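Listed here are the chains, written in short residue letters.
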Amino acid sequence: MTELRVSVPDLGGIDEVEVIELCVASGDQVETEDAIIVLESDKATMEVPVPQAGVIESFLVAVGDRVSSGTEVAVLRVADASSNNGATNEDEAPAATEAAKVEQENEAVSESNLPADKTGTTQDVVVPDLGGIDEVEVIELSASEGDELEAEDSLIVLESDKATMEVPMPIKGQVLSFKVKVGDKVKQGDVVATVETLSSSAQSSGEDTATVSKSQTAPQQSPSASTKEASKSAPKPLADLQVSASKSGQAHAGPAVRKLARELGVDLSMVPGTGPKNRILKEDLHSFVKVKVNQSGSASVGVVGSQEDFSKYGPIQEVSLNKIKQVTAKNMVQSWTTVPQVTQFDEADITELEHYRKTAMVSMLPEGVKVSPLAFIMKACAHALKAFPNFNSSLGPDGTTLILKQFFHVGIAVDTPEGLLVPVVKDVDQKGVVNLAKESAELAKKARDKKLPLDAMSGGCFTISSLGGIGGTAFTPIVSAPQVAILGVSKAQMKPVWNGKEFEPRLMLPLNLSYDHRVIDGAEAARFARYLCELLSDTRHLLL
Ligand code: CAO
């Protein structure tokens, strides 16, 4: 093992820069060219890479320290003693040097090289001197065609492996057209946009006004001619983005963070930076993504409505949604977006059940008690939930366990004038159909009278949504997470059913079983639905 000292590369004339980030920790394994610290001047942000793979023994600087060219910043342990002395020389650490070179060249260009700036003048904006980098990628168009920008506003952002730089608007003017798009590779001197001067005040805005070759009103400059001006125009290294952030919506972040953001599909302008000068750090990006992921799986899911102004098509009336509807909307979005759900359809032959319910049963019922098919369906569900425990479960918090419930509480969707409420009938397995009918009728009445206590709506293991009293042939109810299944019941109808010899008129009850496919397989759902149908086809089964 050889010890190797990593130093700040040539800063090309910049005296001192600040260490704003340590990208790795002592003891970390790093690969050749991995950035280990980030430096920032008031003009540039630059990463210091390691010249070869190894393990970071220790850092010799801390965040906030000011360093110059040659300052040793870290000790690297490398396997191969024959490696160079570790100084990130100009060839190996182009980022800082390139940025610095650009700075130097900027200083060298005199105002007299700048093109005349007259209103209406059309100019091509070209890629400035890239300080020795061959090709860079266009990673952002910071404005749109037709935009009117101030001098110095960002036009496009370029990125090499090691540095991100802005090409600024050379003058106050309008962007006529972009000649490149995101993803294009460009070289020094390539035309990236055509702009038109709006006023002659632009040059007073700063000494960096350039990066132009004229067209139409002036002969097109050769790339070599424009190079000098280009270097004067200062590809604005990343640090400057903070200044332009309010104008262009640009984010203040280093190349590595930008790369990561692109990989994750994150718009950096949405990410709050906690680094020096609000710079976005990798941790900020990670926290942002974590929050977004959690949000999509939590109750804080937002309900987004239409932004369209419908009044332009005709008269409209806007009414407030009551609390019940707002909560329902939120819960539906939550379930719909987080639960991969499938609906299994089946039909139960309830001819015998209905015959019994409407004849023999009626004479046995106490005065005023009514038992609808729903009570039998509840009882059948309790049986089925016992026979298929996965349906009486919830996924554990991290999705790696299943919580099987040993109680059988069933929620009943009740349609009220205020909206949908779901009171829960407890211990359905321990109650007879008459009691279930009484209790569900009482709960439905309380719900409609707005007298339902909150705890009457909690603890459900499974839900029944019956639209049988209204009509319809089928529907797809939404699973009420964290429950894993819901039974939709549609209106029973007489149908011709083939009994092997002939068609027989039978009363068929459509069942619509939606289930969480993370927990329940299709075959299991089909069996559950079949089981329910069997139970309902003969009331004697419900005594089992
Ligand atoms: N097929 C045929 N007829 C049915 C039936 C079915 N599946 N279910 C009920 N009926 C009949 C009943 O027998 C009753 O007829 P009679 O008056 O002749 O006895 C009539 O339809 C009305 O029943 P009901 O709706 O009053 O009673 P219920 O026990 O079936 O339902 C309740 C109670 C609270 C579930 C119901 O009133 C309700 O609110 N349903 C709407 C639920 C809802 O909105 N679901 C959608 C939620 S979003 O997924």
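Structure: see above.
Now for a look at the structure at hand. What you are looking at is a predicted structure, and each value in this text was computed from that prediction instead of being measured. (Residues numbered from 1 in each chain as written. Predicted model: local features only at pLDDT ≥ 70, side-chain atom pairs only at ≥ 80, totals over all residues. Heavy atoms only, no water.)

### Some thoughts on the overall build of the protein
Here's step 1: Along the backbone of the protein there are 11 helices and 29 strands.
Here's step 2: Counting the 544 residues in the protein, one finds 48% classified as buried.
Here's step 3: Looking at the protein alone, contacts between residues at least 24 apart form 65% of all its contacts between residues at least 6 apart.
Here's step 4: Here the protein has roughly 26400 Å² of accessible surface; of this, 52% comes from carbon and sulfur atoms. (Helix = DSSP H or I, 4+ residues; strand = E, 2+ residues; numbered from the N terminus. Buried < 20%, exposed > 50% of the residue type's maximum accessible area, 1.4 Å probe, protein only. Contact = heavy atoms within 4.5 Å. Areas by Shrake-Rupley, 256 points an atom, 1.4 Å probe, with all protein chains shown as cover.)

### Topic: the packing of aromatic side chains
Here's step 1: Applying the stated criterion across every chain yields a total of 6 aromatic pairs.
Here's step 2: Relative to Phe528, the ring of Phe388 has its centre 5.6 Å away and its plane inclined at 70°; by these criteria the two rings are edge-to-face. Here Phe388 is found in the loop between helix H9 (373-387) and strand S20 (393-395), whereas its partner Phe528 is found in helix H11 (residues 522-537), with 140 residues between them in sequence. Phe528 matches Phe388 in its accessibility class, with the two residues each being buried. (Phe/Tyr/Trp six-rings, centres within 6.5 Å; stacked < 30°, edge-to-face > 60°.)

### Here's the deal with the site of the ligand
Here's step 1: Taken together, 21 residues form the shell around the ligand, and within it Ser372, Asp415, Arg448, Ser465 and Ala492 come nearest.
Here's step 2: Within the side chain of Arg448, an N or O atom sits 2.8 Å from an oxygen atom of the ligand.
Here's step 3: Here a nitrogen atom of the ligand and a backbone polar atom of Ser466 are 3.0 Å apart.
Here's step 4: Protein chains bury 69% of the 950 Å² of accessible surface belonging to the ligand in isolation. (Near = heavy atom within 4 Å. Polar contact = N/O pair within 3.5 Å; in protein donor to acceptor, adjacent residues only side chain to side chain.)

### Some words on the pattern of salt bridges
Here's step 1: For the structure on display, the rule yields 21 salt bridges.
Here's step 2: A salt bridge links Arg506 to Glu352, with the nearest nitrogen and oxygen atoms 3.0 Å apart. Here Arg506 is found in strand S29 (residues 503-516), whereas its partner Glu352 is found in helix H7 (residues 351-358), with 154 residues between them in sequence.
Here's step 3: A relative accessible area of 14% means that Arg506 is categorised as buried. (Salt bridge = Lys/Arg side-chain N within 4 Å of Asp/Glu carboxyl O.)

### Quick look at the nonpolar core
Here's step 1: Ranked by size, the top nonpolar core spans 56 residues in total, and within it Phe462, Ile464 and Leu536 carry the most contacts.
Here's step 2: At the level of elements, H9, strand S22 (410-412), helix H10 (433-448), strand S26 (462-466), strand S27 (485-489), S29 and H11 are the ones that each hand at least two residues to this core.
Here's step 3: In terms of residues, this core owes the most to one element, H9, which gives 10 residues.
Here's step 4: In this structure, Val8, Ile14, Ile36 and Ile37 belong to the second largest nonpolar core, which totals 23 residues. (Core = buried A, V, L, I, M, F, W, Y, C linked by side-chain atoms within 4.5 Å.)

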